[in-house]
Amino acid sequence: MKKIGYLGPKGSFSEEAIHLFIASQPELNDSLPELIAFPTIPRLLFACNDKEIDLAFVPLENSTEGQVGVTMDTLGQTEHLFITNEFIHSIDQCLLAHEPMPLEQIERVYSHEQAIGQCRDFLENHLPNAQQITCLSTAEATHRISSIRENWAAIGPRRAAQLYNLHLVRECIQDATLNATRFVLVGHSLAEMSDGEDKTSLLVIAENTPGALYRILGEFAKRHINLSRIESRPSKRKLGEYVFFVDVDGYVFAPPIQDVLWALKEEHISVKLLGSYPKAHPHERIF
Ligand SMILES: O=C(O)C(=O)C[C@]1(C(=O)O)C=C[C@@H](O)C=C1
């Protein structure tokens, strides 16, 4: 039985998404994997890197709040991991508390930083005086308030209300109605080319010199390779130095992508392959 790790505890958006992802994958449905909750994303990804688990399921970016930096940074640090699938899950944030209560009475709001970021306008407009407390996940926030009878609330998934015996004070409190998170499944080997459209994720380490990014992008443009995402993260070596996460259309062994990788190597630009995997086509309700 395959072991898949996710950001827990039970009731997190990650858990909700992994169940839907498994249901969408006939080959995983034949022998259901064992799901293991981890308290943090680095612990989860390093457990996979060290082969304690077969696969890790992690959030990578959200349509409202943007990149999940900790996932990107940890993928950059691990050595034996490849993204093998992506899965887009629609996210509805709910405000949960012990009992129905007027918003003015709520003194504290607990949640994961991504969830707090997705509800920034709601918090500013409706709970301007509530203290915001960041937790390791939305489910951890929900679990924390469930054992203490105070005027505290948590932001998290609808299902967490049932699991932790809480009341739904408000639903869909995120700032953008269409709110979705892209999760990726990460494993130990490169996925094979699919029957449909694939994409390739690369981590490119550019020098801080004039035109460095221009030259990198030029290699893709020359070969008509479509870039679907480019994001920077600090290199963590010095202020103002960045690494770039680039997603391009196509499977990594397709000749034009191989040509780009050779060209970048010749220019001494270092590139780490993060994976090649089937492109997700989310339902139009999501985007
Ligand atoms: O805290 C959770 O419930 C998670 O699964 C993490 C996470 C994230 O880091 O993006 C997942 C989806 C939502 O965007 C909010 C939080």
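Residues numbered from 1 in each chain as written. Predicted model: local features only at pLDDT ≥ 70, side-chain atom pairs only at ≥ 80, totals over all residues. Heavy atoms only, no water.

**Structural notes on the sheet that holds strand 9 (residues 152–156)**
- Taken in spatial order, the five strands make up an open sheet running 8-7-9-6-10, and their pairing is mixed. At either end of the open sheet lies a strand with only one pairing partner, and these are strand 8 (131–135) and strand 10 (167–170). Averaged over all pairs of adjacent strands, the angle between strand axes in this sheet comes to 35 degrees, irrespective of strand direction.
- Note that strand 7 (residues 108–112) and strand 9 share three bridges and pair parallel. Within the sheet, the bridge partner assigned to Val 109 lies in strand 9 and is Ala 153.
- Of the strands in this sheet, strand 6 (94–97), strand 7, strand 8 and strand 9 touch helix 7 (residues 138–146), which is tilted by about 155 degrees from strand 9. (Pairing = 2+ DSSP bridges. Helix = DSSP H or I, 4+ residues; strand = E, 2+ residues; numbered from the N terminus. Axes fitted to C-alpha atoms, helices over the stretch in contact; angles between N-to-C directions. Contact = heavy atoms within 4.5 Å.)

**A word on the site of the ligand**
- Close to the ligand lie 14 residues, the nearest being Phe 13, Ser 14, Gln 118, Thr 138 and Thr 181.
- At a separation of 2.6 Å, an oxygen atom of the ligand approaches a polar side-chain atom of Ser 14.
- The contact in question runs from an oxygen atom of the ligand to an N or O atom on the side chain of Gln 118, over 2.9 Å.
- In the complex, 100% of the free accessible area of the ligand, which totals 360 Å², lies under the protein chains.
- Here the shell around the ligand is composed, by residue class, of six nonpolar, eight polar and no charged.
- When residues of the shell around the ligand are assigned to domains, at least three fall in each of domain 1 (3–90 + 179–187) and domain 2 (94–170). (Near = heavy atom within 4 Å. Polar contact = N/O pair within 3.5 Å; in protein donor to acceptor, adjacent residues only side chain to side chain. Areas by Shrake-Rupley, 256 points an atom, 1.4 Å probe, with all protein chains shown as cover. Nonpolar A, V, L, I, M, F, W, Y, C, P; charged D, E, K, R; others polar. Domains from an automatic or database assignment.)

**Brief notes about the side chain of Asp 92**
- Turning to its location among the elements, Asp 92 is positioned in the loop between strand 5 (82–90) and strand 6.
- A polar contact of 3.0 Å, which involves the side chain of Asp 92, links it to the side chain of Gln 174.
- Apart from residues lying up to four places away in sequence, Asp 92 is in contact with Phe 13, Gly 156, Pro 157, Arg 158, Cys 172 and Gln 174.

**Some remarks on the packing of helix 9 (residues 212–222) against helix 10 (residues 255–266)**
- Interhelical geometry of helix 9 versus helix 10 gives an angle of 155 degrees and a closest axis separation of 9 Å. Between helix 9 and helix 10, the angle falls in the class roughly antiparallel. Handedness of the helix 9/helix 10 crossing: right-handed. Where helix 9 abuts helix 10, its residues Ile 216, Glu 219 and Phe 220 lie against Val 260, Ala 263 and Leu 264.
- Of the residues contributing to the contact of helix 9 with helix 10, the split by class is five nonpolar, no polar and one charged. (Parallel < 35°, antiparallel > 145°, perpendicular 65-115°, else oblique. Left-handed = near helix turned anticlockwise from the far one by under 90°.)

**Topic: helix 3 (residues 41–49)**
- Among all positions in helix 3, only Ile 41, Leu 44, Leu 45, Ala 47, Cys 48 and Asn 49 are buried.
- In the core, the buried residues of helix 3 are packed alongside strand 1 (3–7), strand 2 (34–38), strand 3 (55–62), helix 4 (69–77) and strand 11 (180–187).
- Downstream of helix 3 by a residue or two, Lys 51 has a phi angle that is positive, lying close to 65 degrees. (Buried < 20%, exposed > 50% of the residue type's maximum accessible area, 1.4 Å probe, protein only.)

**Description of the nonpolar core**
- With 23 residues, the main nonpolar core has Leu 45, Ile 53, Ala 56, Val 58, Leu 75, Ile 83 and Val 186 as its most contacted residues.
- Elements with a minimum of two residues in this core: helix 3, strand 3, helix 4, strand 11, strand 14 (242–249) and strand 15 (270–278).
- When residues of this core are assigned to their parent elements, the largest contribution, five residues, is made by helix 3.
- Domain assignment of the residues forming this core places at least three in each of domain 1 (3–90 + 179–187) and domain 3 (198–278). (Core = buried A, V, L, I, M, F, W, Y, C linked by side-chain atoms within 4.5 Å.)

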